[in-house]
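As a plain string of letters, each chain reads:
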Amino acid sequence: MCVQVRDGQPLLAGLQKNTLIDFPGRVGCVVFFTGCNFACPYCHNPELARGAWPQRITLRELIDFLQPRRHLIDGVVISGGEPTLHPALPELCRAIRRIGQAVKLDTNGSRPAVVEKLLQDRLVDYVAMDIKTAPDHYASPWAAPGAGAAVVESMRLLMRGTIPYEFRTTCVRPFVDTPTVAAIAGAVKGARRYTLQTFRTVDLLHPGFFDGADPGFSPSEMAELQRVVAPFVGECLVR
Ligand code: SF4
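Residues numbered from 1 in each chain as written. Predicted model: local features only at pLDDT ≥ 70, side-chain atom pairs only at ≥ 80, totals over all residues. Heavy atoms only, no water.

Per an unreviewed UniProt entry, the recorded name for the protein chain is Anaerobic ribonucleoside-triphosphate reductase activating protein, and the organism is Desulfatitalea alkaliphila. Within the UniProt record for the protein chain, the comment given under Cofactor (unreviewed entry) is "[4Fe-4S] cluster". (UniProt positions renumbered as here; feature names shortened; annotations may be inferred.)

Put into structure tokens, the structure is as follows:
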């Protein structure tokens with residue numbers, strides 16, 4: 001489906017003007033869509049996930065920001081919320097690529113048909129996909145129905161494709177433990193890169209879910225998870 005974004009129509013909820021860490025090998029900026037079909041209790045962008053942050057940046061404003069910075073910025077990270085929920089995502093990617101910028105997509109992997117179309121149409125240059133837990137542990141109320149199967153399909157699409165990608169898991173109990181990470185490692189066996197992200201307590205979507213406990217993993221526990229995953233993938237990072 002081709003959706004035209006009308007001039008002056010707000011599209012994005014936010015713009016982070018530069019990043020050296022979100023788009024591997026590039027100096028980038030990050031744009032944020034609002035709204036998500038998951039409700040991860042540890043979500044670090046709760047206002048965006050809830051859709052409580054209004055769309056206020058137009059495509060024209062984004063292009064006007066990027067055009068004069070073509071020699072400073074060489075990539076745009078499209079994040080959220082969940083970008084694949086938005087019908088205007090392909091047009092946004094096309095507009096960014098038209099001015100010579102590379103596109104990285106951050107996704108929760110729940111919309112494999114959207115990911116597939118973006119790959120087919122060569123509208124993305126890099127995809128970072130979150131894997132929240134083992135595929136058969138995706139469950140209501142935080143995940144959409146059928147999310148586990150959808151995530152597996154997105155994993156397969158990226159692993160079969162030709163563009164760079166990474167899978168990543170934020171290590172938060174009870175979504176992650178050693179058997180869970182082993183199950184994920186089996187599901188992404190042969191993947192080029194898998195990143196285990198250290199949970200940092202900030203502004204959470206559902207702080208009450210954790211009942212005051214710290215659900216994160218210590219550095220030595222992260223290293224143990226890395227040891228479990230490393231034999232299955234090309235590169236396993238902890239950050
Ligand atoms: S962590 Fe990502 S997938 Fe989960 S609710 Fe937040 S934006 Fe959505």
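Looking now at the overall build of the protein chain. Each helix and strand counted, the protein chain has seven helices and 10 strands in total. Taken over C-alpha atoms, the radius of gyration comes to 18 Å for the protein chain, in line with the 18 Å a tight globule of 239 residues would show. Overall size of the protein chain, expressed as C-alpha extent along the three principal axes, is 50 × 40 × 35 Å. A burial count over the protein chain gives 51% of its 239 residues as buried. Look at the contacts in the protein chain between residues 6 or more apart in sequence, and 74% of them connect residues 24 or more apart. (Helix = DSSP H or I, 4+ residues; strand = E, 2+ residues; numbered from the N terminus. Rg over C-alpha atoms; globule rule 2.2 N^0.38 Å. Buried < 20%, exposed > 50% of the residue type's maximum accessible area, 1.4 Å probe, protein only. Contact = heavy atoms within 4.5 Å.)

Further remarks concern the layout of surface pockets. Of the voids in this model, the largest pocket is the one considered here, and its volume is about 1,100 Å³. What lines the largest pocket is a set of 39 residues, and nearest its centre among them are His44, Asn45, Arg168, Thr170 and Gln197. (1 Å grid on protein atoms, 1.4 Å probe; cavity = no way out; pocket = protein on both sides within 12 Å on 5 of 7 lines; lining within 4 Å. Points joined across faces, edges and corners; volume = space filled by probe spheres on them.)

On to the UniProt feature "domain: Radical SAM core" (unreviewed entry) in the protein chain. Residues annotated by UniProt as "domain: Radical SAM core" (unreviewed entry) correspond here to residues 22-239. Counting secondary structure, residues 22-239 comes out at 31% helix and 18% strand; the distance between its end C-alpha atoms is 12 Å.

Here we come to helix α6 (residues 178-187). When we look at burial in α6, the residues that qualify are Thr180, Val181, Ile184 and Ala185. Each buried residue of α6 sits inside an arc of 140° when the element is viewed along its axis, so together they form one side. (Arc of directions from axis to C-beta.)

This paragraph deals with helix α5 (residues 147-160). The terminal C-alpha atoms of α5 lie 20 Å apart, and with 14 residues this matches the ideal 20 Å at 1.5 Å per residue to within 8%. Where α5 is concerned, the buried positions are Ala147, Gly148, Ala150, Val151, Val152, Ser154, Met155, Leu157 and Leu158. (Expected span 1.5 Å × (residues − 1).)

What follows is about the environment of Leu119. Take Leu119: it is sitting in helix α4 (residues 112-120). Spatially, the C-alpha atoms of Leu119 and Val233 are 22 Å apart, while their sequence positions differ by 114 residues. Contact partners of Leu119, with chain neighbours within four places excluded, come to Val124, Leu157, Leu158 and Ile163.

All right, on to the side chain of Thr169 then. Within the element layout of this structure, Thr169 appears in strand β8 (residues 165-171). With near-sequence residues (within four places) excluded, Thr169 lies in contact with Ile131, Lys132, Val176, Ile184, Tyr194, Thr195, Leu196 and Gln197.

With that out of the way, let us pick up the environment of Pro164. Positionally, Pro164 belongs in the loop between α5 and β8. For the pair Pro164 and Val103, spaced 61 residues apart in sequence, the C-alpha separation works out to 11 Å. Among residues more than four places away in sequence, those in contact with Pro164 are Asp125, Tyr126, Val127 and Arg192.

This next bit is on the sheet that holds strand β9 (residues 193-198). The strand order across the open sheet formed by eight strands is β2-β3-β5-β6-β7-β8-β9-β10, and the pairing between neighbours is mixed. Of all the strands in the sheet, the pair left with one neighbour each is β2 (14-19) and β10 (235-238). In this sheet, adjacent strand axes meet at a mean angle of 20° when their direction is disregarded. Two elements, β2 and strand β3 (residues 28-32), share four bridges in a ladder whose sense is antiparallel. Looking across to β3, one finds that Gly14 is bridged to Phe32. (Pairing = 2+ DSSP bridges. Axes fitted to C-alpha atoms, helices over the stretch in contact; angles between N-to-C directions.)

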